[in-house]
Amino acid sequence: MYKIAVLGDRDSIYGFAALGLSVFPAEDGAQGARMFRRLSEQEGEDRYAVIYITEALAAELSEEIEKCRGRRFPAVIPIPGISGNTGAGMLAVKKSVEQAVGSDIIFGDKK
């Protein structure tokens, strides 16, 4: 069965454990990068199909995340952290929609 992981700073992610998701706190970008590579490279039915990652950590791991973009698994989804929303999650959704549809149907020429 595929799993769902949540990666980011401890305060932002531990609430997801109550939902049954696997949480992986990262103290800094280097530790986050190591965890992200480990989670995204797992194979078989026990792989992580979805990795939620805090926007702050996602900004530090943009190259690693970009490597996953063309693969089927995992889907990497930025989420706001405890410090608030930076807008990076919405921009990632916008980029994915543009790639799938071929044009910007979310914002048009507004952004």
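Below or above, wherever it landed, is the structure these notes cover. (Residues numbered from 1 in each chain as written. Predicted model: local features only at pLDDT ≥ 70, side-chain atom pairs only at ≥ 80, totals over all residues. Heavy atoms only, no water.)

### Comments concerning the overall build of the protein
What counts here: The way it works is that DSSP assigns letters per residue, a run of H or I at least four long becomes a helix, a run of E at least two long becomes a strand, and they are numbered from the N terminus. The buried label applies to any residue whose accessible area, calculated with a 1.4 Å probe on protein chains only, is under 20% of its type's maximum; exposed applies above 50%, and partly exposed to all values in between. Per-residue and other accessible areas were derived by the Shrake-Rupley procedure at a 1.4 Å probe size, with only the shown protein chains allowed to occlude residues.
Looking only at helices and strands, one finds five helices and four strands in the protein. Split into buried and exposed, the 111 residues of the protein put 36% on the buried side. As displayed, the protein has an accessible area near 6,900 Å², and 53% of this comes from carbon and sulfur atoms.

### A closer look at the nonpolar core
Heads up, the rule is: We define a nonpolar core as any set of buried Ala, Val, Leu, Ile, Met, Phe, Trp, Tyr and Cys residues linked to one another through side-chain atoms lying within 4.5 Å. Contact definition: two residues touch when any of their heavy atoms are within 4.5 Å.
One finds Leu 7, Phe 24, Phe 36, Ile 53 and Leu 61 to be the most contacted residues of the largest nonpolar core, which totals 16 residues. Among the secondary structure elements, those contributing two or more residues to this core are strand E1 (3–8), helix H2 (29–40), strand E3 (48–54), helix H3 (55–60) and helix H4 (62–68). The biggest single contributor to this core is H2, with four residues. Not counting the four nearest positions on each side in its chain, Leu 61 is found in contact with Gly 29, Gly 32, Ala 33, Phe 36 and Ile 53. Listed in part, the five residues of the second largest apolar core include Val 6, Leu 21, Val 23 and Ile 79.

### Some words on the pairing of E1
Quick note on the threshold: Strands were regarded as paired on the criterion that DSSP finds at least two bridges between them.
Alignment of E1 against E3, held across five bridges, turns out to be parallel. Bridge pairing in E3 places Ala 5 opposite Ile 51. Taken together, the four bridges between E1 and strand E2 (residues 22–25) define a ladder with parallel strand orientation. The residue bridging Ala 5 from the neighbouring strand is Ser 22, located in E2.

### Remarks on unusual backbone geometry
Going from Phe 73 to Pro 74, the amide bond is cis rather than trans, its omega being -5°. Mapping Pro 74 onto the fold places it in the loop between H4 and strand E4 (75–79).

### Topic: the environment of Gln 42
Mapped onto the elements, Gln 42 comes out in the loop between H2 and E3. What makes Gln 42 partly exposed here is its relative accessible area of 26%. Filtering out sequence-adjacent residues up to four positions away, Gln 42 remains in contact with Lys 3, Arg 47 and Tyr 48.

### Section: H2
Two residues of an α-helix separated by three or four positions point the same way, owing to the 3.6 residues in each turn. So the rule is basically this: To estimate how far a helix should extend, the number of its residues minus one is multiplied by 1.5 Å. Pairs of N or O atoms are called polar contacts if they sit within 3.5 Å, as long as, within protein, a hydrogen donor faces a hydrogen acceptor (for residues adjacent in sequence, only side-chain-to-side-chain pairs).
With 12 residues, H2 extends 16 Å between its outermost C-alpha atoms, agreeing within 8% with the 16 Å of an ideal straight helix rising 1.5 Å per residue. Listed in full, the buried residues belonging to H2 are Gly 29, Gly 32, Ala 33, Met 35, Phe 36, Leu 39 and Ser 40. Check the buried side of H2 and you find it contacts E1, E2, E3, H3, H4 and E4. A side-chain oxygen of the first residue of H2 lies 3.2 Å from the backbone nitrogen of Ala 30; this N-cap is Asp 28.

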